[in-house]
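Analysis of the macromolecular model
Here is what each chain is made of, one letter per residue.
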Amino acid sequence: LSFLRLLNLADNSFRSTIPKEVGMLFRLQYLNMSFNLLEGRIPHSLSNCSTLSTLDLTSNLLGHEVPPELGSLSKLVILSLAKNNLTGKFPASLGNLTSLQKLEFAYNNMEGEIPENVARLTQLVYFQISQNSFSGVFPPVLYNLSSLEYLSLGGNSFSGELRGDIGDLLPNLRQLLLGENRFTGAIPITLTNISTLERFHISSNNLTGSIPLSFGRLPNLWWLGIAQNALGNNSLSDLEFIGGLANCTELEFLDAGYNRLGGELPASTANLSTKLTSLNLGGNQISGTIPRDIGNLINLQVLSLEANMLTGELPLSFGKLLELQVLDLYTNGLSGELPSYFDKMIQLQKIHLNSNSFQGRIPKSIGGCRNLLDLWIDTNKLNGTIPREILQIPSLTYVDLSSNVLTGFIPEEVGKLELLVGLGVSDNKLSGHIPQTLGGCLSLEFLYLQGNSFEGAIPDISRLVSLKNVDFSRNNLSGSIPQYLAKFPLLQNLNLSMNKFEGSVPTTGVF
């Protein structure tokens with residue numbers, strides 16, 4: 001096989017180690033062993049394959065350090081070693097690979113700083129070393145690689161500030177991914193000079209200062225992730241950048257959540273690209289109302305404005321967001337009645353409206369959301385009864401209606417929710433018997449019924465062996481305490497206080 005030029009063994013289930021005899025295939029130009037179960041070291045003998053242009057060992061179980069001998073493969077164009085268990089430092093010898101265009105070390109356990117020799121890789125287009133333990137400042141050598149189009153350093157321990165002229169030094173970048181590090185300082189304004197920039201992600205760092213208004217000059221920008229920093233100064237001008245982004249007609253993803261952004265949510269939010277699928281501004285100090293024309297964002301799938309200071313009602317145009325899957329508006333000061341158009345929003349999976357001031361009845365139309373997983377509308381001022389229609393959504397996993405002013409009883413339909421993990425109706429004005437059908441919710445782990453006027457005996461819930469937390473306190477329940485509760489293997493917290501139980505109390509298990 002000494003004449004072999006191409007060897008592709010990808011996407012199999014090969015185990016054991018890479019045979020060192022592979023190094024005898026000295027005419028080999030292409031070697032792909034990705035997506036297998038190979039372990040052990042990368043053999044040093046691969047350096048004998050002097051004509052190799054592609055080496056792809058992605059997604060295996062390879063360990064130890066990257067052999068410095070690979071630095072002698074002068075013809076190498078692609079080196080992909082991502083998703084292994086590689087350790088050690090970045091070999092300085094790889095700076096000899098002056099033909100290299102793609103280098104990929106992501107998802108390993110490598111550490112240390114990036115060596116200065118990397119500056120010699122002037123043909124490099126793709127540099128991906130995310131999810132390792134690399135450290136130091138933003139590697140100064142990278143500023144010399146003007147050919148870079150894709151640069152990912154995310155999920156490491158890089159620190160310090162980015163150079164103010166980074167956008168002028170790396171003018172060809174399409175994707176710049178720097179999230180989950182320890183970068184400080186401001187977002188360099190020169191980044192907005194990179195007309196080719198499509199994706200910029202620098203969430204989960206320690207950035208400060210304002211968000212450049214000139215992001216709106218990037219015609220190809222489709223992803224802007226700047227969340228979980230300390231951007232903004234709780235001032236009126238913090239959200240002016242949103243007006244500029246209205247010019248980014250390709251924008252699909254905007255996440256500026258969990259910063260220090262203040263001021264009112266601008267009406268221009270409704271002018272963002274109709275391609276926008278995810279808008280996250282949660283965890284700031286944003287005030288004002290939800291823009292009247294928010295329904296213009298017809299492709300929105302995720303809307304996260306939680307943990308702010310928003311007031312007013314949900315605008316009528318909200319009903320146009322027919323693609324919406326996640327609605328996070330919890331912990332604000334929103335008011336008015338819950339709208340009746342939820343039944344048209346059939347893609348909804350999570351409704352999180354808790355900790356607001358919504359009032360009126362729970363709309364039956366929520367029952368039309370047949371894909372709903374979470375319904376969190378606790379800690380509001382809702383009244384009336386619990387609609388049966390809601391408890392007929394088979395996909396429901398978490399329902400929390402606690403801390404409202406609900407009356408009536410728990411509908412028996414609750415027993416059909418076989419996937420229900422958590423049910424909370426505590427601190428309302430509910431009454432009657434707890435339905436026997438509750439014993440059919442076989443996935444239930446959390447059950448909070450405290451602070452109502454339930455009466456009668458605890459129903460037979462002996463099959464609910466997954467229960468972890470149960471609170472029946474502050475009701476008018478009577479009869480004996482079921483002995484089987486002591487045998488629930490996962491039960492950690494059980495509160496039966498302030499009821500009218502009688503008879504003996506179990507002495508084992510959680511008791």
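Keep in mind the model is a prediction, meaning the values are calculated, not measured.

A few words now on the pairing of strand β5 (residues 61-65). The two faces of the sheet receive side chains in turn, since in a regular strand these alternate between them. Pairing between strand β3 (residues 39-40) and β5: two bridges, direction parallel. Note that in β5 the partner of G40 across the bridge is L62.

It is possible for side chains bearing opposite charge to pair when their charged atoms get close. Applying the stated criterion across every chain yields a total of eleven salt bridges. We note a salt bridge from E250 to K275, for which the minimum N-O separation is 2.8 Å. Placement of E250 in the loop between α2 (240-245) and β19 (253-255) and of K275 in the loop between β19 and β20 (278-280) is noted, with a sequence separation of 25 residues between them. Classification of K275 as partly exposed rests on a relative accessible area of 38%. With a shortest N-O distance of 2.9 Å, R388 and E413 are connected by a salt bridge. Residue R388 is located in the loop between β28 (381-384) and β29 (398-400), and its partner E413 is located in the loop between β30 (405-406) and β31 (422-424); the two are separated by 25 residues in the primary sequence. Overall, R388 belongs to the partly exposed group, its relative accessible area being 40%. Classification of E413 by relative accessible area gives buried; the value is 14%. Counted as one network, the salt bridges with shared partners bring together E149, R174 and E198.

This brings us to the packing of aromatic side chains. Considering all chains together, one arrives at eleven aromatic pairs under this definition. Seen from their ring centres, F138 and F183 are 6.4 Å apart, and the 50° between their planes marks the pair as tilted. Separated by 45 residues along the polypeptide, F138 in the loop between β11 (133-137) and β12 (150-152) and F183 in strand β15 (residues 182-185) bring together distant segments of the chain. The same class applies to F138 and to F183, which are both buried. Grouping aromatic residues by their ring pairs yields a cluster made of F90, F105, F127 and F134. A cation over an aromatic ring shows up here: K102 above the ring of Y126, its NZ or CZ 4.8 Å from the ring centre. A cation over a ring is seen here: R163 above Y143, with NZ or CZ 5.0 Å from the ring centre.

For the rest of this paragraph, the subject is the sheet that holds strand β13 (residues 157-161). Taken together, the five strands give an open sheet; going across it, the order is β9-β11-β13-β15-β17, and neighbouring strands pair in parallel fashion. A single partner strand is all that each edge strand has here, and the edge strands are β9 (111-112) and β17 (206-207). Looking at chain direction, β11 and β13 are connected through three bridges and run parallel. If you follow V137 over to β13, its bridge partner there is S159.

Quick look at the nonpolar core now. F127 and F318 are the most contacted members of the largest nonpolar core, which totals 145 residues. When residues in this core are grouped by element, the largest group, three residues, is from α2. In this view, F318 contacts I290, I294, L303, L324, L327, L329, Y341 and M345; residues no more than four positions away in its chain are not counted.

Sites flagged by UniProt as "domain: Disease resistance R13L4/SHOC-2-like LRR" (unreviewed entry) map to residues 3-224. Helix makes up 2% of residues 3-224 and strand 26%. Its end C-alpha atoms lie 49 Å apart.

Counting through the fold element by element, L417 comes out in the loop between β30 and β31. L417 sits in the buried class, given a relative accessible area of 1%. When the C-alpha atoms of L417 and C441 are compared, they prove to be 5.7 Å apart, with 24 residues separating the residues in sequence.

Let us look at empty space enclosed by the protein. Counted according to the given criterion, the structure contains one cavity of 30 Å³ or more. Every residue lining the largest cavity is listed: I386, L391, V399, L401, I410, V414, L423 and V425. Considering only residue class, the lining of the largest cavity consists of eight nonpolar, no polar and no charged.

This part takes up the sheet that holds strand β36 (residues 476-480). Pairing in this open sheet of four strands is parallel, and the strands run β32-β34-β36-β38 from one edge to the other. The open sheet terminates on both sides in strands that have one partner only, identified here as β32 (431-433) and β38 (500-502). Between one strand axis and the next, the sheet turns by 20° as a mean value, whatever way the strands run. Pairing between β32 and strand β34 (residues 453-456): three bridges, direction parallel. If you follow H433 over to β34, its bridge partner there is E455.

The next subject is a nonpolar patch on the surface. On the surface, a cluster of nonpolar side chains totalling about 220 Å² of accessible area is made up of V505, V510 and F511. Structurally, the position occupied by V505 is in the segment after β38.

Analysis parameters
Residues numbered from 1 in each chain as written. Predicted model: local features only at pLDDT ≥ 70, side-chain atom pairs only at ≥ 80, totals over all residues. Heavy atoms only, no water. Pairing = 2+ DSSP bridges. Helix = DSSP H or I, 4+ residues; strand = E, 2+ residues; numbered from the N terminus. Salt bridge = Lys/Arg side-chain N within 4 Å of Asp/Glu carboxyl O. Buried < 20%, exposed > 50% of the residue type's maximum accessible area, 1.4 Å probe, protein only. Phe/Tyr/Trp six-rings, centres within 6.5 Å; stacked < 30°, edge-to-face > 60°. Lys NZ or Arg CZ within 6 Å of the ring centre and 35° of its normal. Core = buried A, V, L, I, M, F, W, Y, C linked by side-chain atoms within 4.5 Å. Contact = heavy atoms within 4.5 Å. UniProt positions renumbered as here; feature names shortened; annotations may be inferred. 1 Å grid on protein atoms, 1.4 Å probe; cavity = no way out; pocket = protein on both sides within 12 Å on 5 of 7 lines; lining within 4 Å. Points joined across faces, edges and corners; volume = space filled by probe spheres on them. Nonpolar A, V, L, I, M, F, W, Y, C, P; charged D, E, K, R; others polar. Axes fitted to C-alpha atoms, helices over the stretch in contact; angles between N-to-C directions. Patch = residues over 30% accessible without salt bridge, like charges linked within 9 Å, V, L, I, M, F, W, Y side chains within 5 Å. Areas by Shrake-Rupley, 256 points an atom, 1.4 Å probe, with all protein chains shown as cover.

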